Each structure stands twice: as C-alpha cells, then as structure tokens.
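The primary structure of each chain is shown beneath.
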Amino acid sequence: SFLTCWSHLHFLSWITTQVDRMLETAVGGVEYWAINTDAQALGRSKALGAKVLNIGSAVTRGLGAGGDPSIGELAAEESAGDIAAMIQGTDL
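Undergrad: Where do I start with the overall build of the chain in this structure?
TA: Within the chain, the regular secondary structure consists of 5 helices and 2 strands. Taken from N to C terminus, the helices and strands of the chain fall in the order α-β-α-β-α-α-α. Within the chain, buried positions represent 20% of all 92 residues. Restricting the contact set of the chain to residue pairs at least 6 apart, pairs at least 24 apart contribute 30%. Per element, the accessible surface of the chain, about 6,800 Å² overall, is 60% carbon and sulfur.

Following this line, the structure appears as structure tokens:
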C-alpha cells in the first residue's frame, strides 16, 4: 500500500540522515560501508567516505532488487563471502 511504502521511505530517509550525520562528525575508529544491490545507487550515494559493496551482481545484474526481499536475500547469499570478509575482525 501507499502508506506502507511511504513509511519505509521515511524510515530509510531517517537512516540516511543519521549515517550522513555520523560521516560529517567523523567519529573516530568507525569504518562506514554503503551496501546495495543497485550499482548506480552506490555510485550516487551521499555516504562520501564510506567504502562500497555491490552485492548480488549476478542475481540483479547490478540493477537492484526492486524492493523484492527474496531478491535481496539471494543477493546477500551470493555475496556472503564478500560480506564476511568485510566484517572480519570487526567489533560489532
């Protein structure tokens, strides 16, 4: 529904704002990553200074999951090794 879609977009906007704020304040000892199934979205990310990881490139051909959680899940499974390498040795 429109309301559900708007609610998700509002939440994502809030997250983006919080990440932007953390990047602007340059919190020490923190490594930021922008992860997406959409290669173009990563290219225009406002998360400047964040490292990027495009997941599921074979599943999505870099075009994104289109909001389909099952495609996002397949993308994460495809890139499980890359994700594991990204968080190796981190203190989450």
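Undergrad: How should I be thinking about the side chain of Ser79 in this particular structure?
TA: Note on placement: Ser79 falls in the loop between α4 (69-78) and α5 (80-87). Not counting the four nearest positions on each side in its chain, Ser79 is found in contact with Asn54, Ile55 and Gly56.

Undergrad: Would you explain the pattern of salt bridges in this entry?
TA: Pairing is possible between side chains of opposite charge, provided their charged atoms come close. Counted under the stated rule, the structure contains 1 salt bridge. One salt bridge connects Glu31 with Lys51, and the closest N-O pair in it is separated by 3.0 Å. Remark: Lys51 occurs in strand β2 (residues 51-54) and Glu31 occurs in the loop between α1 (2-25) and β1 (33-36); sequence separation between them is 20 residues. The class for Glu31 is partly exposed, based on a relative accessible area of 47%.

Undergrad: Can you help me understand the confidence of the model for the chain in this one?
TA: Low-pLDDT stretches of the model should not have their predicted coordinates read in fine detail. The predicted model of the chain averages 77 in pLDDT, with 77% of residues at 70 or higher. Taken element by element, the predicted model of the chain shows its lowest mean pLDDT in α1 (57) and its highest in helix α3 (residues 57-60) (92). Low pLDDT, under 50, characterises residues 1-11; the stretch is placed with 0 contacts to residues that sit more than four places away or in other chains.

What counts as what
Residues numbered from 1 in each chain as written. Predicted model: local features only at pLDDT ≥ 70, side-chain atom pairs only at ≥ 80, totals over all residues. Heavy atoms only, no water. Helix = DSSP H or I, 4+ residues; strand = E, 2+ residues; numbered from the N terminus. Buried < 20%, exposed > 50% of the residue type's maximum accessible area, 1.4 Å probe, protein only. Contact = heavy atoms within 4.5 Å. Areas by Shrake-Rupley, 256 points an atom, 1.4 Å probe, with all protein chains shown as cover. Salt bridge = Lys/Arg side-chain N within 4 Å of Asp/Glu carboxyl O. pLDDT = per-residue confidence, 0-100.

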